[in-house]
Each structure stands twice: as structure tokens, then as C-alpha cells.
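Inside the fold
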Amino acid sequence: MRARAAGPGSGEPAVPRCRFEAMIRNGHGEAGGAERPGPGGRRAVRVWCDGCYDMVHYGHSNQLRQARAMGDHLIVGVHTDEEIAKHKGPPVFTQEERYKMVQAIKWVDEVVPAAPYVTTLETLDKYSCDFCVHGNDITLTVDGRDTYEEVKQAGRYRECKRTQGVSTTDLVGRMLLVTKAHHSSQEMSSEYREYADSFGKCPGGRNPWTGVSQFLQTSRKIIQFASGKEPQPGETVIYVAGAFDLFHIGHVDFLEKVHGLAERPYIIAGLHFDQEVNHYKGKNYPIMNLHERTLSVLACRYVSEVVIGAPYSVTAELLDHFKVDLVCHGKTEIMPDKDGSDPYEEPKRRGIFCQIDSGNDLTTDLIVQRIIKNRLEYEARNQKKEAKELAFLEAMRQQEARPERESDCDF
């Protein structure tokens, strides 16, 4: 296997022009290393985040990115299945799957398993954290209390902006719908619109955090997620391609195995267009559109670059352009291209194709099956969650209005 010999000073342009739709250079860090001091040798600022991190999506990753930017070392506590079931309802993924999924996000330095559902000063002190960070939504206990009440009162709470257009609720809603060719039109189907209007709705109003909204991609968001590292001399360029839909622990295990194939790997992930995925997967796939899938893959620490709208067949042009040393695919079935040809014919001819057994059989299809199997439980969970949050909001409104009413009586 030859090493990548091009890089700065080699005469290559920083971003070569080519016919491929788009490519994004990404950076990957190694988690669990020695903690580095802050700028100027000052003590590192340690930041705490916690949550369920069930069905981890780019909204979770964006929250962790923002939290990491507030300090130097990010520690993420992940709740157990038992705690989530008690306060919220059944999680989609097991705690072991969720621990590993969070660890794969490139802004995370440490993961704390079995973190308590209620964030206390004791927890922050135990892990020497200066403050905790949460999104600008609300998290409540089973009895309707704010889980961050104690740290808020102590002034050790920071808030970051919630990512619009994505939520676990919305993704579950998409999976519960089985529609045909729904990526062929920009219009939301009447079936989905009806579902979006009803899923999680409870008497008394709508929750401002749980509703379904449209995700709007921007170049700024992509830049925030990408790191811009180019291949360096001595790095092995490895190409993988696929839908990477609902980016999950099966994908992470595969990419981790691929990452371990070389001493200095540089992994390029090619993402297929929505219509391409819909063609070879059928039904209602992909569940996430191309822009959403791009951010999900960019958040993974094992990926160095993303090609948006990669061709389904791995062509000689693509291999030569990116100077690919190795092409990898998992153990899932390889569907032929539209003309019936093998999409990996060229890398096989060059002797650089490798199939990887990640040891994980989880697929997007199996996740959808989990959701459908427990549909009623998830719907009930969401309705219960929203009812608690609406009651909390109403109590807050009444509390805010009370001083005004009392002031009306002053003379």
C-alpha cells in the first residue's frame, strides 16, 4: 500500500477543481488523550454536558461543538437506559451503543457512563468541571422539575443555541412513515404534514421545542463542522462511500475499523445523492437528506473529508483525483449500478478494494424496525414529555405574571 506523497509544497492546489459536486475537508482528533493546558499555559477550562443522546444526530453534535468552544476540555455524561425509561420513556438505543456513539463525536474529550439524570454541583465538582452547557430548551424530571435547577442557581450553567430543523421526535416521525419516492419532490407530503401536526401533540397547546421544522443548510454551518485538513505526506488515503443515513453506531464501528487499517489514515467519505439512495434502497430512504447526512458524517472523529454527491460507482477519475490508496466497503450487500455493473469494479481491478467486517450488524433498516415495533411506546413517550414541558411553561408564565399583578396593588 503506497503512502500519500502530496501535500503542502507539492504544487497541488489547496482545493483542486473537479467535476465532483462538493468536497469538505474535515479533521479528526483522538479522544482520551492527555488533557492539554489552556492558551498561555493557564488552567484548562473543563466543560460538562449530559443527556440521553438517543438517536444521536447533528443537532446533538452541534450542541457539543458549541459547548467545546466554551472551554478547553469537554466531558459528556450519558444517562443509563433505566434512568431514561424512568423520566422520559424507552430509549431507541442501548446505553452501550449511546456511550460509544458520543465518544465518536470529534469535539468530545471524555465520556462518563451512567451519569445522573439531574445535574448537581456534586457531579460538576467530581469531574472538576467549571460549568455545564445545555441547549436553550428544557429538560424535566419525572415529577416535572428542571434538571439544571441547582447549577443554574449556583451560576455554573451556560446555554447554547438549539439546532433548528432536527429532533429525535422528528426523526422518529420520519421513520414511522412509509412513503414512496418522497425525495422526488420538495413538497412535504400531505401524510407527513398531517403526522408532523399531530405527533406529540397534547391538549393545551404545542411545545416550542418538540415541533417539526425544516432544516436549512448554510455554508456557515458546514464550515463550523469541517476542519479543513488536507492529506499530509505519509498518510494513507482511504475511500469509503454510502448513504450513511441516520448515522449510527454501525457506521461508527465500520469507520473505526477502517481507521485502524493504517498508521496514519486519511479517510474520505463519499455521500450519495438522495435520489441515488432512494433508487438502490427504495421505500422512504434516505430518512435524512444529503445536507443532514453531510453534517452527521463531518461530526465523526474518524472521517477526514466528505465528498457531497459522490458518484455511485467508484471511477478511475475519482481514484486518481483523490490519489486513493485503498477503497473499503462493509459486509452489507453491494447493489449493482443502474447499468448492472459492479460499482467497485475499478478499485478491484487495481487491487485496492477491501471488505471490512465491523462486527456490528446494525443497519438503518433495523433501526426503523425498532421504531415501528415500539411505535405506540414512542408516541406515548413524546406526548408525556410534551405535556410535562407545557405544564412547566405555564407555571413559569404564571410565576412571571404574579409580581406584575402584585405591583398593580401598590399605592
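Residues numbered from 1 in each chain as written. Predicted model: local features only at pLDDT ≥ 70, side-chain atom pairs only at ≥ 80, totals over all residues. Heavy atoms only, no water.

**Describing the overall build of the protein chain**
Looking only at helices and strands, the protein chain features 15 helices and 11 strands. Sorting the 411 residues of the protein chain into buried and exposed places 54% on the buried side. (Helix = DSSP H or I, 4+ residues; strand = E, 2+ residues; numbered from the N terminus. Buried < 20%, exposed > 50% of the residue type's maximum accessible area, 1.4 Å probe, protein only.)

**Topic: the packing of aromatic side chains**
On inspection of all chains with the given rule, the structure shows six aromatic pairs. Seen from their ring centres, Y280 and Y312 are 5.0 Å apart, and the 35° between their planes marks the pair as tilted. Within this pair, whereas Y280 is found in helix α10 (residues 274-281), its partner Y312 is found in the loop between β9 (305-308) and α12 (316-321), the two being separated by 32 residues in sequence. Of the two residues, Y280 and Y312, both sit in the buried class. (Phe/Tyr/Trp six-rings, centres within 6.5 Å; stacked < 30°, edge-to-face > 60°.)

**Digging into the pairing of strand β2 (residues 46-51)**
The buried fraction of β2 is high, at six of six residues. By the bridge criterion, six bridges tie β2 to strand β3 (residues 73-78) in an arrangement that is parallel. Paired with V47 across the two strands is L74, which belongs to β3. Once you follow β2 into helix α1 (residues 58-69) and on to β3, the crossover reads as right-handed. (Pairing = 2+ DSSP bridges. Right-handed = clockwise from strand over helix to strand, strands pointing away.)

**Quick look at the confidence of the model for the protein chain**
Taken over all residues, the pLDDT of the protein chain has a mean of 80, while the share at 70 or more is 73%. The low-confidence segment residues 178-189, where pLDDT is below 50, has 16 contacts with residues more than four positions distant or belonging to other chains. Of the regions scoring below 50 in pLDDT, residues 405-411 engages in one contact with residues more than four places distant in sequence or in other chains. (pLDDT = per-residue confidence, 0-100. Contact = heavy atoms within 4.5 Å.)

**Observations regarding the pattern of salt bridges**
Counted according to the given criterion, the structure contains 15 salt bridges. Between R293 and D274 there is a salt bridge, and its shortest N-O distance comes to 2.7 Å. Linking R293 in helix α11 (residues 290-298) with D274 in helix α10, this pair joins segments that are 19 residues apart in sequence. Residue R293 is classed as buried on the basis of its relative accessible area of 0%. On the basis of relative accessible area, D274 is assigned to the buried category, the value being 13%. For K348, the salt bridge goes to D342, with nearest N and O atoms at 2.8 Å. For K348, a relative accessible area of 40% translates into the label partly exposed. Salt bridges linked by common partners bring D320, E346, R349 and R350 together as one network. (Salt bridge = Lys/Arg side-chain N within 4 Å of Asp/Glu carboxyl O.)

**A look at the environment of T147**
Within the secondary structure, T147 sits in the loop between β5 (131-135) and α5 (149-153). Of the residues examined, T147 reaches a relative accessible area of 1% and is grouped as buried. C-alpha of T147 to C-alpha of P116: the two residues are 31 residues apart in sequence and 9.9 Å apart in space.

**Some remarks on the side chain of H57**
If you trace the backbone, H57 turns up in the loop between β2 and α1. Judged by its relative accessible area of 6%, H57 falls in the buried class. Within the structure, H57 has its side chain in polar contact with the backbone nitrogen of G59 (distance 3.0 Å). (Polar contact = N/O pair within 3.5 Å; in protein donor to acceptor, adjacent residues only side chain to side chain.)

**Notes on the nonpolar core**
Most often, soluble globular proteins keep nonpolar side chains buried together rather than apart. Membership of the largest hydrophobic core comes to 69 residues, with the highest contact counts inside it found for M55, V76, V240 and L255. Top element by residues in this core is helix α9 (residues 249-259). It accounts for five residues. I268, V307, F322 and Y344 belong to the second-largest nonpolar core, a separate cluster that totals 15 residues. (Core = buried A, V, L, I, M, F, W, Y, C linked by side-chain atoms within 4.5 Å.)

**Thoughts on α9**
Counting buried residues along α9, nine of its 11 residues qualify, which places the element largely inside the surrounding structure. For α9, the full list of buried residues reads I249, G250, H251, V252, D253, F254, L255, V258 and H259.

**Let's talk about the side chain of D72**
One can find D72 in the loop between α1 and β3. Separated by 2.7 Å, the side chains of D72 and R42 make a polar contact. Apart from the residues lying within four places of it in its own chain, the contact partners of D72 are G38, P39, R42, R43, A44, V45 and D109.

**Some thoughts on the sheet that holds β2**
Strand pairing within a sheet occurs via backbone hydrogen bonds; the two strands may be parallel or antiparallel. Reading across from one edge, β4-β3-β2-β5-β6 is the order of the five strands in this open sheet, with parallel pairing throughout. The outermost strands of the open sheet, each flanked by one partner alone, are β4 (110-113) and β6 (157-160). Looking at each pair of strands side by side, their axes are set apart by 30° on average, direction ignored. Where β5 meets β6, four bridges bridge the pair, whose relative direction is parallel. Residue pairing in the sheet places V133 in a bridge with R158 of β6. Packing of α1 onto the sheet brings it into contact with β2, β3, β5 and β6, and relative to β3 it is tilted by some 140°. (Axes fitted to C-alpha atoms, helices over the stretch in contact; angles between N-to-C directions.)

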